[in-house]
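One letter stands for each residue in the lines below.
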Amino acid sequence: MRATELVRFGDADTAFATRELPIPVPGPGQVLVQVMATSVNPLDLQTRRGDYREQLPLPAVIGNDVSGRVVGNGPGARDFQPGDEVWYLAPIFAGQGTYAEYHVVDQDLIARKPTGLSHVEAAGLTLVGMTAWQTLVERAGLRAGERVLVHGGAGGVGSAAIQVASALGAEVVTTALTKDHEFVTSLGATTAIDFSTHDYVPQVRAMGGVDVVLDTVGGDTLSRSAEVLADRGRVVSIVDIPQPQNLLAAWGVNATYHFLFVSPGRARLEALGRLVDQGKLKPVIGAVFPLPDIAQAHKLLEGGTTGDGRGRPNGKIAITVHP
């Protein structure tokens, strides 16, 4: 099979090599999937740069999103049959990644792809959709009628989180550049604040604060978010904490903090699929590249420009593997 391997840590232009590798063989309880599409996430950029080099000996195939077709079953794998179209998030730092034509996965981690989504759309929703679900539903326990602040609403996780929160009946406030305000409000945000020109804290406090904050940005977002929390508010962060944070402001509102590293699972995929079928969740695909152009996809996600000079698009950058 054709696969794109990470052969050295560093710049995208020199990090990858396309090679022919053996097609993996499914073990007990596993299925072999023909990968139709995958996508690029910030985790991939961090992995390529070497942030997790202790967990990843090179060369390695990275990537975690999959939409594809079952083509083989290991012993005892009976939940899916060859020809079934599936989508899933591959386990992170566990086995071969998804920048390849075929991938082996435990059948318990996959679900049938929503029929209304193309493979490119489905591959752009697995990691970000499951992150949004785990942060808002499983960790924060967001309820109808509550107010949530989503930091970075125009990004991959942010755009999914706005939709999930809206589907739950919550009021959504988000931070985004002015040029992205129309985009984030089209997803369900009721208020958008340009973080580059306005301090979000006084504006959110003037609304009465929020019940939940989702931090997808990092930096001082974690400590400052405590300033906008209502009593017994909850903060969920998906960002690494490079230095100690002053969280004293959280004491006065009895805040709860959660730190999430997304994990795969069929039940979460099925919940997302129901939202897709109900028209409450849609993938946002900003650009699509073929697998041999994975370096270009990485550079675009890092903040580069498209071939025609436009800036990085909203939503996900998807990768087509099989045409």
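Residues numbered from 1 in each chain as written. Predicted model: local features only at pLDDT ≥ 70, side-chain atom pairs only at ≥ 80, totals over all residues. Heavy atoms only, no water.

Next up on the list: unusual backbone geometry. Of note, the bond from Leu58 into Pro59 is cis; its omega dihedral lies within 30 degrees of zero at 0°. As for its placement among the helices and strands, Pro59 is situated in the loop between α2 (42-49) and β4 (65-73). Of note in this structure, Phe93 is not a glycine but carries a positive phi near 60°. Residue position: Phe93 is located in the loop between β5 (85-89) and β6 (102-106). (Helix = DSSP H or I, 4+ residues; strand = E, 2+ residues; numbered from the N terminus.)

Counting residues in each nonpolar core, the largest one holds 86 residues, and the members touching the most others are Tyr88, Leu136 and Val148. When residues no more than four places from it in sequence are discounted, the contact partners of Leu136 are Gly141, Leu142, Val148, Ala161, Val164, Ala165, Val212 and Leu214. Counting residues in hydrophobic clusters, the runner-up holds 16 residues, among them Ile193, Val204, Leu222 and Leu229. (Core = buried A, V, L, I, M, F, W, Y, C linked by side-chain atoms within 4.5 Å. Buried < 20%, exposed > 50% of the residue type's maximum accessible area, 1.4 Å probe, protein only. Contact = heavy atoms within 4.5 Å.)

The end-to-end C-alpha separation of helix α4 (residues 126-139) is 18 Å, in line with the 20 Å expected for 14 residues at 1.5 Å each. Counted residue by residue, α4 has eleven buried out of 14 residues, so it is predominantly covered. One or two positions beyond α4, positive phi appears at Gly141, with a value near 60°. (Expected span 1.5 Å × (residues − 1).)

All right, on to the sheet that holds strand β10 (residues 191-193) then. Sheet architecture is open: six strands sit in the order β10-β9-β8-β11-β12-β13, paired in parallel fashion. Of all strands in the sheet, those with a lone pairing partner are β10 and β13 (256-259), marking the two edges. Strand-to-strand twist of the sheet, defined as the mean angle between neighbouring strand axes without regard to direction, takes the value 15°. Note that strand β12 (residues 229-237) and β13 share four bridges and pair parallel. Bridge pairing in β13 links Val235 to Tyr257. Together, β8 (147-150), β11 (210-215), β12 and β13 form the strand contacts of α4, whose direction differs from that of β11 by roughly 150°. (Pairing = 2+ DSSP bridges. Axes fitted to C-alpha atoms, helices over the stretch in contact; angles between N-to-C directions.)

This part is about the environment of Phe289. Relative to the helices and strands, Phe289 is located in strand β14 (residues 285-290). Residue Phe289 is classed as buried on the basis of its relative accessible area of 18%. As for Phe289 and Val253, which are separated by 36 residues in sequence, their C-alpha atoms are 46 Å apart. With sequence-adjacent residues up to four places away left out, Phe289 is seen in contact with Gln296, Ala297, Leu300, Ile317, Ala318, Ile319 and Thr320.

Two faces make up the sheet, and in a regular strand the side chains alternate between them. Bridge count between strand β3 (residues 30-40) and β4: six bridges; the pairing is antiparallel. Counterpart to Val31 in the pairing with β4 is Asn73. Where β4 and β5 come together, five bridges link them in antiparallel fashion. Bridge assignment links Asp65 to a residue of β5, and that residue is Leu89.

What follows deals with the layout of surface pockets. Of the voids in this model, the largest pocket is the one considered here, and its volume is about 1300 Å³. Taken together, 48 residues make up the lining of the largest pocket; nearest its centre are Pro42, Thr216, Val217, Ile238 and Val239. Listing elements by their share of the lining of the largest pocket, those giving two or more residues are α2, α4, α5 (156-167), α8 (221-225) and β15 (316-320). The element contributing the most residues to the lining of the largest pocket is α2, with five residues. Taken together, the residues that form the lining of the largest pocket break down as 24 nonpolar, 16 polar and eight charged. (1 Å grid on protein atoms, 1.4 Å probe; cavity = no way out; pocket = protein on both sides within 12 Å on 5 of 7 lines; lining within 4 Å. Points joined across faces, edges and corners; volume = space filled by probe spheres on them. Nonpolar A, V, L, I, M, F, W, Y, C, P; charged D, E, K, R; others polar.)

When you tally the buried positions in β6, you get four out of five residues, the bulk of the element. Pairing geometry for β3 and β6, over five bridges, is antiparallel. Bridge pairing in β6 places Val31 opposite Val105.

Here the protein averages 93 in pLDDT, while 96% of its residues score no lower than 70. The low-confidence segment residues 306-310 (pLDDT under 50) makes four contacts with residues lying over four places distant or belonging to another chain. (pLDDT = per-residue confidence, 0-100.)

Within the fold, Thr174 resides in strand β9 (residues 171-175). Within the structure, Thr174 has its side chain in polar contact with the backbone nitrogen of Gly153 (distance 3.2 Å). (Polar contact = N/O pair within 3.5 Å; in protein donor to acceptor, adjacent residues only side chain to side chain.)

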